[in-house]
Every structure is written in structure tokens, then in C-alpha cells.
Amino acid sequence: MIRWLKDLWYGVYTVLVGMTITWRHLFTKSVTLQYPSVKWPLPPRTRMRLFMNYEDCIGCGQCVRACPVACISLKAEKRPADAAPIWAATGQPIKLHVSVFDIDMSLCCYCNLCTYPCPTFCLYMTPDYEFATGDLTQHLYRFAKKDAVFLTEDPKKKAAAAAAAVAPPAASPATPPTTPPVIPPATPPASPAGASGR
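Here is what the cut-offs are and how they apply
Residues numbered from 1 in each chain as written. Predicted model: local features only at pLDDT ≥ 70, side-chain atom pairs only at ≥ 80, totals over all residues. Heavy atoms only, no water. Core = buried A, V, L, I, M, F, W, Y, C linked by side-chain atoms within 4.5 Å. Buried < 20%, exposed > 50% of the residue type's maximum accessible area, 1.4 Å probe, protein only. Helix = DSSP H or I, 4+ residues; strand = E, 2+ residues; numbered from the N terminus. Expected span 1.5 Å × (residues − 1). Polar contact = N/O pair within 3.5 Å; in protein donor to acceptor, adjacent residues only side chain to side chain. Phe/Tyr/Trp six-rings, centres within 6.5 Å; stacked < 30°, edge-to-face > 60°. Pairing = 2+ DSSP bridges. Axes fitted to C-alpha atoms, helices over the stretch in contact; angles between N-to-C directions. Patch = residues over 30% accessible without salt bridge, like charges linked within 9 Å, V, L, I, M, F, W, Y side chains within 5 Å. Areas by Shrake-Rupley, 256 points an atom, 1.4 Å probe, with all protein chains shown as cover. Salt bridge = Lys/Arg side-chain N within 4 Å of Asp/Glu carboxyl O.

**Student:** For this particular structure, what's the right way to read the nonpolar core?
**Tutor:** The nonpolar side chains of soluble globular proteins are, as a tendency, buried together. Counting residues in hydrophobic clusters, the biggest one holds 21 residues, and the most contacted among them are Leu 50, Met 52, Ile 72, Phe 101, Ile 103 and Leu 123. Elements that contribute at least two residues to this core include exactly strand 1 (50-52), strand 3 (96-104) and strand 4 (123-125). The element best represented in this core is strand 3, accounting for three residues.

**Student:** Help me understand helix 3 (residues 155-166) in this model?
**Tutor:** Given 3.6 residues to a turn, an α-helix orients residues that are three or four positions apart in the same direction. Helix length check: helix 3, at twelve residues, gives a terminal C-alpha distance of 16 Å against a target of 16 Å (1.5 Å per residue), a fit within 8%. The N-cap of helix 3, judged by a side-chain oxygen 3.1 Å from the amide nitrogen of Lys 156 a few residues on, is Asp 154.

**Student:** Is there a simple way to explain the packing of aromatic side chains in this structure?
**Tutor:** Describing an aromatic ring pair means giving the distance of the ring centres and the angle of the ring planes. Inspection of every chain in the model, using the stated rule, returns six aromatic pairs. Where Phe 51 meets Phe 143, the ring centres are 5.6 Å apart and the plane angle is 90°; that geometry is what we call edge-to-face. Highlighted residues: Phe 51 in strand 1 and Phe 143 in the loop between strand 5 (140-142) and helix 3, separated in sequence by 92 residues. Judged by its relative accessible area of 13%, Phe 143 falls in the buried class. Taking 6.5 Å as the distance between ring centres and 75° as the angle between the ring planes, the aromatic pair formed by Phe 101 and Phe 143 counts as edge-to-face. With Phe 101 in strand 3 and Phe 143 in the loop between strand 5 and helix 3, the pair connects residues that are 42 residues apart, well separated along the chain. What makes Phe 101 buried here is its relative accessible area of 1%. Connected via pairs of aromatic rings, a cluster forms that spans Phe 51, Phe 101, Tyr 124 and Phe 143.

**Student:** Is there a simple way to explain the sheet that holds strand 3 in this structure?
**Tutor:** Hydrogen bonds along the backbone pair up the strands of a sheet, which may run parallel or antiparallel. Strand order in the open sheet made by the three strands is 2-3-5, with antiparallel pairing throughout. The open sheet has two edge strands with one neighbour each: strand 2 (72-78) and strand 5. Averaged over all adjacent pairs, the angle separating strand axes in this sheet is 10°, with direction ignored. Pairing geometry for strand 3 and strand 5, over three bridges, is antiparallel. By the bridge assignment for strand 5, Asp 102 is matched with Arg 142.

**Student:** Explain a nonpolar patch on the surface to me, please; I cannot follow it from the model alone.
**Tutor:** Taken together, the side chains of Met 1, Trp 4, Leu 5, Leu 8, Trp 9, Tyr 10, Val 12, Tyr 13, Leu 16, Val 17 and Ile 21 make up a nonpolar region of the molecular surface, amounting to roughly 1,200 Å² of accessible area. With respect to the helices and strands, Val 17 occurs in helix 1 (residues 2-26). According to the relative accessible area criterion, Val 17 is partly exposed, its value standing at 35%.

**Student:** What is the right way to look at the pairing of strand 3 in this model?
**Tutor:** Remember that side chains alternate between the two faces of the sheet whenever the strand is regular. Across seven bridges, strand 2 lies against strand 3 in antiparallel orientation. The partner of Ala 76 across the bridge, within strand 3, is Val 98.

**Student:** In this structure, what is going on with the pattern of salt bridges? I would like to understand it.
**Tutor:** The tally for this structure, following the rule as stated, stands at four salt bridges. Measuring nitrogen to oxygen at the nearest pair gives 2.7 Å for the salt bridge that ties Glu 130 to Lys 39. Placement of Glu 130 in the loop between strand 4 and strand 5 and of Lys 39 in the loop between helix 1 and strand 1 is noted, with a sequence separation of 91 residues between them. On the basis of relative accessible area, Glu 130 is assigned to the partly exposed category, the value being 38%. Residues Lys 145 and Glu 55 are paired through a salt bridge, measuring 3.0 Å at the closest nitrogen-oxygen approach.

Written as C-alpha cells, this is what we have:
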């Protein structure tokens, strides 16, 4: 009987202790983050998933040479001589046709070394970090596309023409200020002949 009462009291006591802690923390400010509906802001210069803007790639291959883990695959061939000229957004002419540009993010070490030598800034790290998958092949991203729309006009010339159209007309050369005609001072009338000064 005594043991039963002790066990009963112990059960009630532990519940009261637990509820005391619960009630104490119930009215304190929450420190947990309700992920994924709420996310912490990423710090500046965060390195996450790579992205490549295919329309601005000139096929130079500098990113492939800079990658220390060889996660970028690129194949480019010279464009036909009779093809219409196309440009990247930075104004560089695109002379190579990029048929393959693949990035295997399962091999990427997120060093960001591939983005620095890119002359057209078409390769960059995005803030997207939620791309986990159970299939490893889903981390292979193919950026080359057949329906890409390229710039057929040099953006540098276009920007210069737009700036010239907006600029105010050139001012005409300054004309020298006109000076008023010089008027000689008035001379006193001459005295009549024979008049004395007395």
C-alpha cells in the first residue's frame, strides 16, 4: 500500500515538474525556425547551385579549365562562316556554337573558381540550396538548348546609339560678347574770337 502511494505521488510529481517547465517556456519568445515556410536569410557571397545563361556563353572553356574537380563538360565548334553574327549581353561576339554544356553538381565542391574567369559573366552561383534528390543523376544539369534566342545586334552599339539620341544637342561655339560703341567725351564749346578771359 505504501509503495503504491509512493508510486502514485512520484507519477503526479513528475507530471507537475514537466508541466512547470512547459508553462515556463510557453510564454517565452520562440527561438525555433519553422522551416521550410520560414528560412534564414543567406549571408552575402553565398555559394550554392551553379547556373549558366546559355545565350551569353561564347564557348571559351575557361570555366572548364578552372574547375578543380572537372564537373563541367563543354563541347563547342566553330559557327558556319555564313551564319548571322550574334552577340552576348556584354557585347562580345559569339563565334563558337556550344552544343554541350553540362554541370554535375554531385561533383561540384562549391569553390566558385569557375565563375571568375568567365568573360561574359554567364556562369554564377545561385542562392538555391534545396535541390537534394535520391537519384544522383538528377544532379546533372544540361544547359545547352536548341531553341536559344541570341542577340543579333551588338548591344554596345545599340547602347551608344540610344545614349546619343538622349544626349542634348551640342552647344554652338560661344560668340564673343558685343561691346557698346565708344562715344568720345563731349568737348566744351570754343570761345568766340577776341573774347578775353577777364
